[in-house]
Amino acid sequence: MPVVWGTEMPGLELWREETSRERRRQVIYPQHSKLTDKEKTNICYLSFPDSNSGCLGDTQFCFRFRQSSGRRVSLHCLLDHYDKDLPVYLKKDPAYFYGYVYFRQVRDKSLKRGYFQKSLVLISKLPYIHFFHTVLKQIAPEYFEKSEPYLEAACNDVDRWPAPVPGKTLHLPIMGVVMKVRIPTCHDKPGTTQIAQLTQQADTHISVILPTVHEVDLFRCFCPVFLHSQMLWELVLLGEPLVVMAPSPSESSETVLALVNCISPLKYFSDFRPYFTIHDSEFKEYTTRTQAPPSVILGVTNPFFAKTLQHWPHIIRIGDLKPAGEIPKQVKVKKLKNLKTLDSKPGVYTSYKPYLNRDEEIIKQLQKGVQQKRPSEAQSVILRRYFLELTQSFIIPLERYVASLMPLQKSISPWKSPPQLRQFLPEEFMKTLEKTGPQLTSRIKGDWIGLYRHFLKSPNFDGWFKTRRKEMTQKLEALHLEVLCEEDLLLWTQKHTEVETVDLVLKLKNKLLQADREHLPVKPDTMEKLRTHIDAIILALPEDLQGILLKTGMT
């Protein structure tokens, strides 16, 4: 009974802590889910706020942790089937899990510590932050009152959900509530949502309509630092080491996720931890002073990190995030030496000098929205569109240049291996910027060349280019298949020996297997034509060879 949507991996994790000396009790659904001791330890510490956070009432936050090595990848085959149609920034990362937490802490004099503390944690491979937070909001409060039988009933509902197919509108029942949601696809226009399509029809049985599965309230998170949002965009784009110091896991996780989201539709390829503790298994790796800080974004709440991470080059210190409609005082950029403790004043502590001039127009637009009491949702739409246009202006010249590395279609021969992509030459790319650079689509001035040079050395460029190279190589393989199908292969076999013909059949079968295994962008009729060619060639061979070849692979 899979509890985590679309996967057979660990489902709902539950810890209850009543006294400081009492061991935390855990209940897992589905019960057949397997977690390593290391994973259990990570989840255990990450599912509760640090003691200094003082989170009273109900709190929701998110964390991300590394999967233990040696875990069977086959458990995720169901997700792999749908992964190919997702936008790159929503594809699952095989090395990481997400944990979605609903934590409750209320005064209870009947307990030794004087507090009732319990967390409900949902573990998933899917980065659907808004969706899973909504699911927990529906089931956690009732679960805290009714305990395990209620959780098992909720799991039974989840078990009946349809597969998470991208682009399809899904109706998902959960304990008397029906959620309506659509998962984005890689074919959606960036920056658009499907909320209009979702609300056109009146659905009397629908309780909750989700306009997004993954987006956070961008403006609420950037609100204390929106004067510096463009500089933060640069730091995230370049994969710079970045720490968010916040008063609670909720604020740290939302801010880290907003930072990662700000370069969308570009994927952030480095590691990021929305909530990171001193007990994390990667604590020593990420806090060592024997080497430069890694390319990672950490969200922390423990005051200990103010000292431990003093050597990190970029630190964002934020206060309590205000409710929608309330605007906190704007923080300033300060020198790192002024950061002494977590009690230091909020601010962006960095010596970084942005490559681009600050866009005063977006600042005025957001400030005007604040003055006019524009809803946070509307402010988020404006800010998200601004980040999208900035990222697209930056990435379009790279896309244009990489597309020029593709060999001409006429150079593809059916009797030779597909041609190779041309090499990416940084200086050759730089020369293209004079005529086809970001100045064509962006009003922002500054050292774009310097920003590109820095980006080409970053993990985000490395991840982006590897993804694009793989897509283009698969396209070449698909075009090669199409060229093969247009040939008269039966005529070719009549002019060649049986050995050469058998070799051709085996190669064609391998091509079909590759197309299926790697999800090559091949038209369905191309695959059918190739199968027809293979069958015709086999039938023209002697019977003894026919029997052998029909048993070999697929036809």
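Residues numbered from 1 in each chain as written. Predicted model: local features only at pLDDT ≥ 70, side-chain atom pairs only at ≥ 80, totals over all residues. Heavy atoms only, no water.

Draft legend 1. Quick look at the pairing of strand E7 (residues 177-182). With six of six residues buried, E7 is to be regarded as a mostly interior element. Of the two faces of E7, both are covered, the one formed by Val177, Met179 and Val181 as well as the one formed by Val178, Lys180 and Arg182. Taking the residues between adjacent antiparallel strands as the criterion, strand E6 (residues 169-174) and E7 are bridged by two residues, where methionine 175 takes a positive phi near 50 degrees. By the bridge criterion, two bridges tie E7 to strand E8 (residues 208-209) in an arrangement that is parallel. From the neighbouring strand, lysine 180 faces E8, where its bridge partner is isoleucine 209. (Buried < 20%, exposed > 50% of the residue type's maximum accessible area, 1.4 Å probe, protein only. Helix = DSSP H or I, 4+ residues; strand = E, 2+ residues; numbered from the N terminus. Pairing = 2+ DSSP bridges.)

Draft legend 2. Structural view of the sheet that holds strand E12 (residues 314-317). Within the open sheet, the six strands sit side by side as E10-E11-E9-E12-E14-E13. Their pairing is mixed. The open sheet has two edge strands, strand E10 (271-273) and strand E13 (332-334), and neither has a second partner. In this sheet, neighbouring strand axes are inclined to one another by 15 degrees on average, regardless of whether the strands run parallel or antiparallel. Where E12 meets strand E14 (residues 347-350), four bridges bridge the pair, whose relative direction is antiparallel. (Axes fitted to C-alpha atoms, helices over the stretch in contact; angles between N-to-C directions.)

Draft legend 3. Looking closely at the nonpolar core. Counting 100 residues, the largest nonpolar core has Phe131, Phe222, Trp233, Phe394, Leu398 and Phe424 as its most contacted members. Ranked by the residues each element gives to this core, the list is headed by helix H12 (residues 376-403), at ten residues. Core analysis: the next-biggest nonpolar cluster, separate from the first, contains 21 residues, Cys485, Leu530, Leu541 and Leu549 among them. (Core = buried A, V, L, I, M, F, W, Y, C linked by side-chain atoms within 4.5 Å.)

Draft legend 4. Examining the packing of aromatic side chains more closely. Applying the stated criterion across every chain yields a total of 34 aromatic pairs. Taken together, a centroid distance of 6.0 Å and an interplanar angle of 50 degrees make the contact between tyrosine 102 and phenylalanine 144 tilted. Of this pair, tyrosine 102 sits in strand E4 (residues 96-107) while phenylalanine 144 is found in helix H3 (residues 129-146), placing the two residues 42 residues apart along the sequence. Grouping residues by exposure puts tyrosine 102 and phenylalanine 144 together as buried. Among the aromatic residues, those joined into a cluster by ring pairs are Trp233, Phe394, Tyr401, Phe424, Phe429, Tyr452, Phe455, Phe461, Trp464 and Phe465. Lying over the aromatic face of tyrosine 96, arginine 64 brings its terminal NZ or CZ to 3.9 Å of the ring centre. Taking NZ or CZ as reference, lysine 125 lies 4.5 Å from the ring centre of phenylalanine 97, over its face. (Phe/Tyr/Trp six-rings, centres within 6.5 Å; stacked < 30°, edge-to-face > 60°. Lys NZ or Arg CZ within 6 Å of the ring centre and 35° of its normal.)

Draft legend 5. View of the environment of phenylalanine 226. For phenylalanine 226, the location among the structural elements is in the loop between helix H6 (218-222) and helix H7 (229-237). Judged by relative accessible area, which is 3%, phenylalanine 226 ranks as buried. Residues phenylalanine 226 and leucine 383, 157 residues apart in the sequence, show an inter-C-alpha distance of 9.1 Å.

Draft legend 6. Layout of the side chain of lysine 267. Position of lysine 267 among the secondary structure elements: in the loop between helix H8 (249-261) and E10. The side chain of lysine 267 sits in the buried core without any salt bridge; aspartate 93 is the nearest counter-charge, 5.0 Å away. Every residue in contact with lysine 267, bar those within four places of it in the chain, is listed here: Val88, Tyr89, Lys91 and Asn460. (Lys, Arg positive; Asp, Glu negative; His and termini not counted. Salt bridge = Lys/Arg side-chain N within 4 Å of Asp/Glu carboxyl O. Contact = heavy atoms within 4.5 Å.)

Draft legend 7. Highlighting unusual backbone geometry. With an omega dihedral of 10 degrees, the bond running from serine 264 to proline 265 counts as a cis peptide bond. Along the chain, proline 265 falls in the loop between H8 and E10. A positive phi angle, close to 50 degrees, is found at histidine 519, a residue other than glycine. Structurally, histidine 519 can be placed in the loop between helix H17 (498-517) and helix H18 (524-539).

Purely geometric stuff here, so don't read any function into it on its own.
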